[in-house]
Amino acid sequence: TTIGNYAERIYSGGTPTTSNAAYWDGTFGWFSSGETRNRFVISTEKSITQTGIDNSSTKLASKHDIVMASAGQGFTRGQTCLLYTSPSPRDGATS
């Protein structure tokens, strides 16, 4: 049995270039893999703009998605959480 047997969709996100201010502090919550340390995510620590979404490999997550960290150090990789916010782009996490 694989996780694909239980998931509607599985994909990974990406990070907009952090040196481009036009990509950050927008209206879309940006979810980092480190935020999987929380069992439930109600809001994200950072936000990005539509331009940041359009110019990166980030993907939009939906409210009630289960997210699994696919990157990170220590205990981060493999952690899961439930999103209570939407829409939210993701980086280094799979839903």
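To keep things clear, this report deals only with the structure shown in the data block.

## Observations concerning the overall build of the protein chain
The number of helices and strands found in the protein chain is one helix and eight strands. Counting from the amino terminus, helix and strand elements in the protein chain follow one another as β-β-β-α-β-β-β-β-β. The buried share of the protein chain, reckoned over its 95 residues, is 41%. The contacts in the protein chain between residues at least 6 apart in sequence include a share of 62% that link residues at least 24 apart. Entry remark: accessible area of the protein chain is about 5,700 Å², with carbon and sulfur atoms responsible for 49%.

## A few points about the pattern of salt bridges
Evaluated as defined, the whole model comprises two salt bridges. Notably, a salt bridge pairs Asp 65 with Arg 9, separated by 3.4 Å at the nearest N-O pair. With Asp 65 in the loop between strand S4 (59-61) and strand S5 (66-69) and Arg 9 in the segment before strand S1 (24-30), this pair connects stretches of sequence that are 56 residues apart. Assessed through its relative accessible area of 35%, Arg 9 is described here as partly exposed. A salt bridge links Glu 45 to Arg 37, with the nearest nitrogen and oxygen atoms 2.3 Å apart.

## Some thoughts on the pairing of strand S6 (residues 80-83)
Pairing analysis gives two bridges linking strand S2 (residues 40-41) to S6, with the strands arranged parallel. Bridge assignment links Phe 40 to a residue of S6, and that residue is Leu 82.

Rules of the game
- Residues numbered from 1 in each chain as written.
- Predicted model: local features only at pLDDT ≥ 70, side-chain atom pairs only at ≥ 80, totals over all residues.
- Heavy atoms only, no water.
- Helix = DSSP H or I, 4+ residues; strand = E, 2+ residues; numbered from the N terminus.
- Buried < 20%, exposed > 50% of the residue type's maximum accessible area, 1.4 Å probe, protein only.
- Contact = heavy atoms within 4.5 Å.
- Areas by Shrake-Rupley, 256 points an atom, 1.4 Å probe, with all protein chains shown as cover.
- Salt bridge = Lys/Arg side-chain N within 4 Å of Asp/Glu carboxyl O.
- Pairing = 2+ DSSP bridges.

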